[in-house]
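# Breakdown of the fold
So the chains spell out like this:
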Amino acid sequence: MTVLPYLIAGWIFLIGVYGLVTSRNLIHAVGCLAVAQSSTYVLLLAVGYRRGGTAPVFSDAPPDSRVVDPVVQALALTDIVVGATVTALLLALVVQLRKRHGTVDPDALSELKG
């Protein structure tokens, strides 16, 4: 087992968070949030990977064969769907914010400060 996929997932997460912190545009911030969230795909793939593993179809597999865990694959697909939904919702909110306030710069939105 190698540590490389975990390092790559951490690197992708840090790149997304850095872009999110330094963003001066809400559309860019939503994109950076999607990048940070995509690091979980790599993390789930790293957790579910088994060297020499086959598909989890047990009808034709010998009893001592190594198979991958299908739950991790289902979690990765669910993560992709939830990530796409959250990104679409945030972009719709940014579009409405642009329509009502005329800007997507978070510093220029003085009416939202409490």
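Now for a quick tour of the structure. (Residues numbered from 1 in each chain as written. Predicted model: local features only at pLDDT ≥ 70, side-chain atom pairs only at ≥ 80, totals over all residues. Heavy atoms only, no water.)

## With respect to the overall build of the protein
- When its secondary structure is counted, the protein shows 3 helices and 0 strands.
- Mapped in sequence order, the helices and strands of the protein form the string α-α-α.
- Rg of the C-alpha trace for the protein: 20 Å, well past the compact-globule value of 13 Å for 114 residues, more than 25% over.
- Considered along the principal axes of its C-alpha atoms, the protein spans approximately 65 × 30 × 20 Å.
- The 114 residues of the protein split such that 21% are buried.
- For the protein, contacts bridging at least 24 residues in sequence account for 52% of all contacts bridging at least 6.
- Carbon and sulfur atoms make up 70% of the accessible area of the protein, which amounts to about 8,100 Å² in all.
- Separation between the mean location of the 8 positive side-chain charges and that of the 7 negative ones in the protein comes to 7 Å. (Helix = DSSP H or I, 4+ residues; strand = E, 2+ residues; numbered from the N terminus. Rg over C-alpha atoms; globule rule 2.2 N^0.38 Å. Buried < 20%, exposed > 50% of the residue type's maximum accessible area, 1.4 Å probe, protein only. Contact = heavy atoms within 4.5 Å. Areas by Shrake-Rupley, 256 points an atom, 1.4 Å probe, with all protein chains shown as cover. Lys, Arg positive; Asp, Glu negative; His and termini not counted. Charge placed at Lys NZ, Arg CZ, Asp CG, Glu CD.)

## Notes on helix 2 (residues 26-48)
- Helix length check: helix 2 (23 residues) gives 34 Å between terminal C-alpha atoms against 33 Å at 1.5 Å per residue, within 8%.
- Along helix 2, the positions that sit buried rather than exposed are L26, A29, V30, C32, A36, S39, A46 and G48.
- Of the surrounding elements, those touching the buried residues of helix 2 are helix 1 (4-22) and helix 3 (70-101).
- Regarding helix 2, its N-cap is N25, as a side-chain oxygen of that residue lies 3.0 Å from the backbone nitrogen of I27 further along. (Expected span 1.5 Å × (residues − 1). Polar contact = N/O pair within 3.5 Å; in protein donor to acceptor, adjacent residues only side chain to side chain.)

## Some thoughts on the packing of helix 1 against helix 2
- It is at 8 Å that the axes of helix 1 and helix 2 come closest, and there the two elements cross at 170°. Here helix 2 runs roughly antiparallel to helix 1, going by the angle between their axes. Residues P5, Y6, I8, A9, I12, F13, G16, V17, G19 and L20 of helix 1 form the contact with helix 2, whose own contacting residues are H28, A29, C32, L33, V35, A36, S38, S39, V42, L43, A46 and V47.
- Residue classes in the contact of helix 1 with helix 2 are distributed as 17 nonpolar, 5 polar and no charged. (Axes fitted to C-alpha atoms, helices over the stretch in contact; angles between N-to-C directions. Parallel < 35°, antiparallel > 145°, perpendicular 65-115°, else oblique. Nonpolar A, V, L, I, M, F, W, Y, C, P; charged D, E, K, R; others polar.)

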